[in-house]
Amino acid sequence: MITTLILDADGVLVNGERFADVRARTLKTDLDKEREFFTGVFQDCLIGKADLKDSVKPYLTSFGWQGTVDEFLDYWFKTEHNLNADLVSYIQKQRSQGIRVVLATNQEKYRAEYMLKHMGFDGMFDKVYASVHMGLKKPAVEFFARVVEDLDTQKDEVLFWDDDQRNIDGAREYGIKAEFYTDYTGFLATMKKYSFDLALNS
């Protein structure tokens, strides 16, 4: 029996246009520099080894940004402020029925804080696990191990949803059930296989 749902943020609970696509359309970005940043120092930001504001500042010009670091981050975070309203409603109904709902996301500290304060994640979940606070990120098996151990639950009672196959593989390697998120319709169909039915919670 599933007693705990663990969900990813971007691509699952947060949908709509990605900031990378918005940048490509609206800013004259140096793609090589962009790739260098996001595959390099940004990865350290995700686990708390670097500060995003300090790290992104030298790259602003190459991103085609003329404003300040704070303005850039504000633009970034607001661009991706697109909640999956149907899924949010679903998980709140599940919580009302006693299912524990948890967020597990790879985020640096400023966006993690934005999600908690401005996207309502602080009151939306029973627990929030962000990579920056854990010092490691998905798909590391250790990430899932620490989450499940902190929740003090059994592996076979946990179901994890993500839109990145690498994270699905990491969760399954640890030993918990994991499903690939594509859209809300597919999500509902799969949840019924786990004996979850939205109609029961209406």
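The model shown is predicted, which means the values in this text are computed figures rather than measured ones. (Residues numbered from 1 in each chain as written. Predicted model: local features only at pLDDT ≥ 70, side-chain atom pairs only at ≥ 80, totals over all residues. Heavy atoms only, no water.)

Chemist: Residues and numbers for the overall build of the chain, please.
Modeler: Scanning the chain for helices and strands turns up 12 helices and five strands. For a compact globule of 202 residues, the expected C-alpha radius of gyration is about 17 Å, and the chain comes in at 18 Å, within 12% of that figure. By the burial criterion, 48% of the 202 residues in the chain qualify as buried. Here the contacts in the chain between residues at least 6 apart in sequence split such that 68% fall between residues at least 24 apart. With the model as given, the accessible surface of the chain reaches about 10,000 Å², and the carbon-plus-sulfur share is 47%. (Helix = DSSP H or I, 4+ residues; strand = E, 2+ residues; numbered from the N terminus. Rg over C-alpha atoms; globule rule 2.2 N^0.38 Å. Buried < 20%, exposed > 50% of the residue type's maximum accessible area, 1.4 Å probe, protein only. Contact = heavy atoms within 4.5 Å. Areas by Shrake-Rupley, 256 points an atom, 1.4 Å probe, with all protein chains shown as cover.)

Chemist: How would you sum up the packing of helix α6 (residues 85–96) against helix α12 (residues 184–193)? Please name residues and give values.
Modeler: Direction vectors running N to C along α6 and α12 enclose 25°, while the axes themselves pass 10 Å from each other. In terms of axis orientation, α6 runs roughly parallel to α12. Once α6 is placed against α12, the crossing between them reads as right-handed. Listed contacts from α12 to Asp86, Leu87 and Tyr90 of α6 are Tyr184, Phe187, Leu188 and Met191. Residues of the contact of α6 with α12, tallied by class, amount to six nonpolar, no polar and one charged. (Axes fitted to C-alpha atoms, helices over the stretch in contact; angles between N-to-C directions. Parallel < 35°, antiparallel > 145°, perpendicular 65-115°, else oblique. Left-handed = near helix turned anticlockwise from the far one by under 90°. Nonpolar A, V, L, I, M, F, W, Y, C, P; charged D, E, K, R; others polar.)

Chemist: Give a detailed account of the pattern of salt bridges, specifying residues and quantitative values.
Modeler: A full pass over the atoms with the stated rule returns 16 salt bridges. Of the charged contacts in the structure, one is a salt bridge between Lys138 and Asp8, with a shortest N-O distance of 2.8 Å. Placement of the pair is Lys138 in the loop between α9 (131–134) and α10 (141–151) and Asp8 in the loop between β1 (4–7) and α1 (19–26), with a sequence separation of 130 residues. The two residues Lys138 and Asp8 agree in class, both being buried. Between Glu80 and Arg111 there is a salt bridge whose closest N-O contact spans 3.2 Å. Here Glu80, found in the loop between α5 (69–79) and α6, pairs with Arg111, found in helix α7 (residues 109–118); they are 31 residues apart in sequence, far enough to count as distant. Overall, Glu80 belongs to the buried group, its relative accessible area being 9%. Taking the relative accessible area as the measure of exposure, Arg111 reaches 3% and is therefore buried. Salt bridges sharing common partners tie together Asp8, Lys138 and Asp162. (Salt bridge = Lys/Arg side-chain N within 4 Å of Asp/Glu carboxyl O.)

Chemist: Give me the lowdown on the nonpolar core, citing residues and values where you can.
Modeler: In terms of nonpolar packing, the biggest core is built from 47 residues, with Leu52, Phe72, Trp76, Leu87, Ile91 and Phe121 touching the most fellow members. Here this core takes five residues from α5, the largest share from any one element. If sequence neighbours within four positions are ignored, Ile91 has contacts with Leu7, Leu13, Val101, Met124 and Phe125. (Core = buried A, V, L, I, M, F, W, Y, C linked by side-chain atoms within 4.5 Å.)

Chemist: Account for the environment of Glu157, naming residues and giving values.
Modeler: Looking at the element boundaries, Glu157 is found in the loop between α10 and β4 (158–162). For Glu157, a relative accessible area of 26% corresponds to the partly exposed category. Spatially, the C-alpha atom of Glu157 lies 8.0 Å from that of Ile176, the residues being 19 residues apart in sequence. Apart from the residues within four sequence positions on either side, Glu157 is in contact with Met1, Ile2, Thr3 and Thr4. Within polar-contact distance, the side chain of Glu157 engages the side chain of Thr153 at 3.2 Å. (Polar contact = N/O pair within 3.5 Å; in protein donor to acceptor, adjacent residues only side chain to side chain.)

Chemist: Describe in detail the environment of Pro139, supporting the description with residues and values.
Modeler: Secondary-structure assignment places Pro139 in the loop between α9 and α10. Look at Pro139 and you get partly exposed, because its relative accessible area is 35%. Expressed as a C-alpha distance, the spacing of Pro139 and Asn167, which sit 28 residues apart in the sequence, is 4.4 Å. For Pro139, the contacting residues outside a window of four places in its chain are Phe144, Arg166, Asn167 and Gly170.

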